[in-house]
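Secondary and tertiary structure notes
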Amino acid sequence: MGVQLPHEIVFRHLARYLGPHTAKTALKTFSERALQKPPEMVTRIDAPRLLQALKPMLRTLIGADECDAVLQQVTRELSL
Amino acid sequence: MTGLTKQHKAILIAIPVITGLVYLAIQSFFVEEQMRRMFFVSEIALMKLFGAAGCFVAASRYRRREYIGIAWYLIGLDYFLLFAKDLLFGRVIHLPNLDPDLASTLRIIFVVIGNTGSAIGCIMLARVWHVAGIALPGSRRLQYAAIVVGIGLAIAIVGWGTWQDFGHLRNGDKEAYVAVASNLGDIVSFSAIAPILLTAIAMRGGALAWPWALVTLSNVGWLLYDLSWSFERQWALSEHTLRIIAEFWRGQGCILAFAAGLAQRWAIRSASRN
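All values derive from a computational prediction rather than experimental measurement.

The helix and strand inventory of chain A stands at 3 helices and 0 strands. When the helices and strands of chain A are placed in sequence order, the string is α-α-α. In terms of overall dimensions, chain A is globule-like: its C-alpha atoms have a radius of gyration of 11 Å, near the 12 Å expected for 80 residues. Out of the 80 residues belonging to chain A, those deemed buried represent 42%. Counting contacts in chain A only where the partners sit at least 6 residues apart, residues at least 24 apart contribute 41% of the total.

What follows concerns the overall build of chain B. Along chain B, the regular secondary structure elements total 11 helices and 0 strands. Starting at the N terminus, the α and β elements of chain B follow one another as α-α-α-α-α-α-α-α-α-α-α. Relative to the 2.2 N^0.38 estimate, which gives 19 Å for 274 residues, the radius of gyration of chain B is 19 Å and therefore close to what a compact globule would have. For chain B, the C-alpha atoms occupy an extent of roughly 55 × 40 × 40 Å along the three principal directions. Scored against the burial criterion, the 274 residues of chain B give a buried share of 46%.

Before going further, it helps to examine the environment of Pro6 of chain A. Residue and element names in this part refer to chain A. By the secondary structure assignment, Pro6 is in helix α1 (residues 6-35). As for Pro6 and Val42, which are separated by 36 residues in sequence, their C-alpha atoms are 6.6 Å apart. Not counting the four nearest positions on each side in its chain, Pro6 is found in contact with Val42, Thr43, Arg44, Ala47 and Leu78.

A word on the nonpolar core. Residues and elements named next belong to chain B. Within the largest apolar cluster, 101 residues are counted, with the highest numbers of intra-cluster contacts made by Leu214 and Ala259. When residues of this core are assigned to their parent elements, the largest contribution, 14 residues, is made by helix α11 (residues 239-273). Excluding anything up to four places from it in sequence, Leu214 contacts Leu12, Leu256, Ala259, Ala260 and Ala263.

Further remarks concern helix α9 (residues 209-230) of chain B. Spanning 22 residues, α9 of chain B covers 31 Å between terminal C-alpha atoms, matching the ideal 32 Å at 1.5 Å per step. With respect to burial, α9 of chain B is a largely interior element, 17 of its 22 residues being buried.

Axis angle and axis distance: for two packed helices, these are the angle between their axes and the distance between the axes, and together they describe the pair. All names here are of chain B. Two elements in contact, helix α6 (residues 140-170) and α9, have axes whose closest approach is 9 Å; the angle formed by their N-to-C orientations is 55 degrees. Viewed along their axes, α6 and α9 adopt a mutual orientation that is oblique. Between α6 and α9 the crossing geometry is left-handed. In this structure, α6 uses Ile157, Val158, Trp160 and Gly161 to contact α9, whose residues at the interface are Leu223, Asp226, Leu227 and Ser230.

This part is about the interface of chain A and chain B. Counting residues at the interface gives 19 residues for chain A, matched by 29 residues for chain B. Elements represented by at least two residues in the side of chain A that touches chain B include exactly α1, α2 (47-62) and α3 (64-77) of chain A. Here the residues of the side of chain A that touches chain B are counted per class, giving 10 nonpolar, 6 polar and 3 charged.

Time to look at unusual backbone geometry. At Gln36 of chain A, a residue that is not glycine, the phi angle is positive and equals roughly 55 degrees. Residue placement: Gln36 of chain A occurs in the loop between α1 and α2. Among the residues examined, Gln36 of chain A registers 8 C-beta atoms within 10 Å and is labelled exposed. Here the phi dihedral of Asn97 of chain B falls at roughly 55 degrees; this positive angle occurs in a residue that is not glycine. Along the chain, the position of Asn97 of chain B falls in the loop between α3 (67-88) and α4 (100-126).

What follows is about the packing of α2 of chain A against α3 of chain A. Residues and elements named next belong to chain A. The contact between α2 and α3 brings their axes to 8 Å, and the two run at 145 degrees. Remark: the crossing between α2 and α3 carries right-handed chirality. Facing Leu51, Lys55, Leu58, Arg59 and Ile62 of α2, the residues of α3 in contact are Ala64, Glu66, Cys67, Val70, Leu71, Val74 and Thr75. When its residues are assigned to classes, the contact of α2 with α3 shows 8 nonpolar, 1 polar and 3 charged.

Next up on the list: the environment of Ile45 of chain A. Residues and elements named next belong to chain A. Tracing the backbone through its elements, the reader meets Ile45 in the loop between α1 and α2. For Ile45, a count of 9 C-beta atoms within 10 Å puts it in the exposed group. Note: C-alpha distance between Ile45 and Val10 (35 residues apart in sequence) is 14 Å.

Calculation rules
Residues numbered from 1 in each chain as written. Chains lettered and ligands numbered in written order. Predicted model: local features only at pLDDT ≥ 70, side-chain atom pairs only at ≥ 80, totals over all residues. Helix = DSSP H or I, 4+ residues; strand = E, 2+ residues; numbered from the N terminus. Rg over C-alpha atoms; globule rule 2.2 N^0.38 Å. Buried ≥ 20, exposed ≤ 12 C-beta atoms within 10 Å, placed from the backbone. Contact = placed C-beta atoms within 7 Å. Core = buried A, V, L, I, M, F, W, Y, C linked by C-beta atoms within 7 Å. Expected span 1.5 Å × (residues − 1). Axes fitted to C-alpha atoms, helices over the stretch in contact; angles between N-to-C directions. Parallel < 35°, antiparallel > 145°, perpendicular 65-115°, else oblique. Left-handed = near helix turned anticlockwise from the far one by under 90°. Nonpolar A, V, L, I, M, F, W, Y, C, P; charged D, E, K, R; others polar.

This is the structure we're talking about:
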């Protein structure tokens, strides 16, 4: 497997719960809202802000414990 | 990878299918009227207990005061109160030496509280997309159309019966409170079918699509139960056959809530393990 871009890593984790369609839409919405840029332009430096923006949505859908576990995993994979 | 294994999915599909088949097989053994009444009461009480267990299992994955956890608890509370009502204050099974008037009052209290909880829980689930900030599929107009059709269908199926029950209330029939509370709760729950289904469609391919799809099917099961009785004259079926069909759908409504709760728990647990 090649090196994944930050938005690809986040997408993969979101899609596991939300499905590819909603994961893609959510990623686009929250990336533009928090960073004013499309997901493809998100860098590793931007990633923490993107994850912070996604947190309320994830907490609502999967609960705080699971949300924290997922975000930790994403953070690890992004080597932040 | 969706977070739910193939085995999980197979179990979730098998639960309502096997339950339905077992119900159809077992009910045929009860021929005598008294035994038959006892069978239906016991069977549906058990199904409601399963429904409650599934909802509480789902809710237990969330912390206190978390939005979806509260919704699951409220729906589970409804199933549990209906189960308790059937066993403690029912017409066929009840506590010994229970005053009939007190039993009737307790039935009303349990049904009103349960249905209020379920209605609020269903509205909460129907609004999750809005609370979480995710988009539903289709244009806004299509979404509204689906919701309006759902509400129209709910009123068409339960509305006339509710109207009649209000008439019984005016005539002083205390038991009509139970019917009115159930019907109003059903109208709200059925109205939530469209947004819950749209949420399931939005999350297709993801682990969370399963609980949402199963909650939708559970509400459809209850809708078909009401439909069976609402149009009993039009079906031109014997009461015997109609009862088998109606109780089949009520059992499916309950057991699908159980499956939905399991799916919710597995979706989250499985994903965190991956």
